[in-house]
Amino acid sequence: MAGLLIVMLPKFLAIKLKVYLPPLLYGLFLMFIYGAIYLGTIYHFYSIPYWDKGLHLISGALLAGFALSAFGGLIPDEGIKHVPPFFISMYATAFAVFCGVLWEFYEFTCDSFGMNLQRYMRNGHLLLGRAALMDTMGDLFADFFGALIFAVIAYFKLRKDSRWIEKFFFHRNL
Amino acid sequence: MMKNGSSTSEKALNVFLWFIVISMLVSLILNYQNGFDGCDSQSSRGRLVFGSGNRGRPADRHAA
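Residues numbered from 1 in each chain as written. Chains lettered and ligands numbered in written order. Predicted model: local features only at pLDDT ≥ 70, side-chain atom pairs only at ≥ 80, totals over all residues. Heavy atoms only, no water.

Quick word on the overall build of chain A
Here comes step 1: Counting its regular elements, chain A contains six helices and four strands.
Here comes step 2: Going from N to C terminus, chain A has its helices and strands arranged as α-β-α-α-α-α-β-β-α-β.
Here comes step 3: Relative to its 174 residues, chain A shows a buried fraction of 45%.
Here comes step 4: A separation of at least 24 residues holds for 67% of the contacts in chain A among residues at least 6 apart in sequence.
Here comes step 5: A total of about 9,900 Å² of accessible surface is found on chain A, and carbon and sulfur atoms cover 75% of it. (Helix = DSSP H or I, 4+ residues; strand = E, 2+ residues; numbered from the N terminus. Buried < 20%, exposed > 50% of the residue type's maximum accessible area, 1.4 Å probe, protein only. Contact = heavy atoms within 4.5 Å. Areas by Shrake-Rupley, 256 points an atom, 1.4 Å probe, with all protein chains shown as cover.)

Some words on the state of the cysteines
Here comes step 1: Tallied over the entire structure, the rule returns zero disulfides over all chains.
Here comes step 2: Left without a disulfide partner, A:Cys99 is nearest to the cysteine sulfur of A:Cys110, which lies 17 Å away. (Disulfide = S-S within 2.5 Å.)

Digging into the side chain of A:Glu104
Residue and element names in this part refer to chain A.
Here comes step 1: By the secondary structure assignment, Glu 104 is in helix H5 (residues 85-111).
Here comes step 2: The buried category is assigned to Glu 104, whose relative accessible area is 5%.
Here comes step 3: Here Glu 104 is in contact with His 56, Gln 118, Thr 136, Asp 139 and Leu 140, once residues within four sequence places are set aside.

Description of helix H2 (residues 23-42) of chain A
Residues and elements named next belong to chain A.
Here comes step 1: Where H2 bends most, the angle comes to about 30°, and this point is Tyr 34.
Here comes step 2: A large share of H2 lies buried, amounting to 14 of its 20 residues.
Here comes step 3: Two residues or fewer past H2, His 44 is found with a positive phi of approximately 55°. (Bend = angle between axes of the 7 residues up to and from the residue.)

Spelled out as structure tokens, the structure:
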């Protein structure tokens, strides 16, 4: 039920507030929700090896895309043209990885209350050394590579046309 | 600013959105019909242990 609300919310808000929803961003969001909630939670796709990592890859790209939206919202229009594409790509990657780190903070905090989100335990036994780190590091690597793939594409697109970034801006529908 | 909505991609996204909404509704209805046999049966059998994660990851069966 919560999944249904989450998936409908952006569209509902976009219609209600008359805001343009960047299609690429929204597409990645739908893919992520479909994979995480519908296939992952309802149909237990998390049991498929590396399913979780695939989702982190998508979320990395999604967050890097969202970084471009935030960039548009925070930097004045005339300033955007003067920012080099390499810096924008680097910023998008850094933003996505930072959000990934925040997610791992959340998992770590939950694990303090007896959960096993960071997979530091198997069959009721604590894992040791690198084995306990595998899930967390794998998630961060996946976030990074998802963001990097997006950032490389963004770099070449922005080098060709600096207005490409505007595809990620939320703006009022006229 | 960009032109409002390239119609093809927006249409494709709307189709995808409705596909997800309908799939979720169908699985919700099926779950109700089967007495939550699908996703909640594990917890009723005591397999979904607290500490297995709240992201729908399958429970660590040996830990139960």
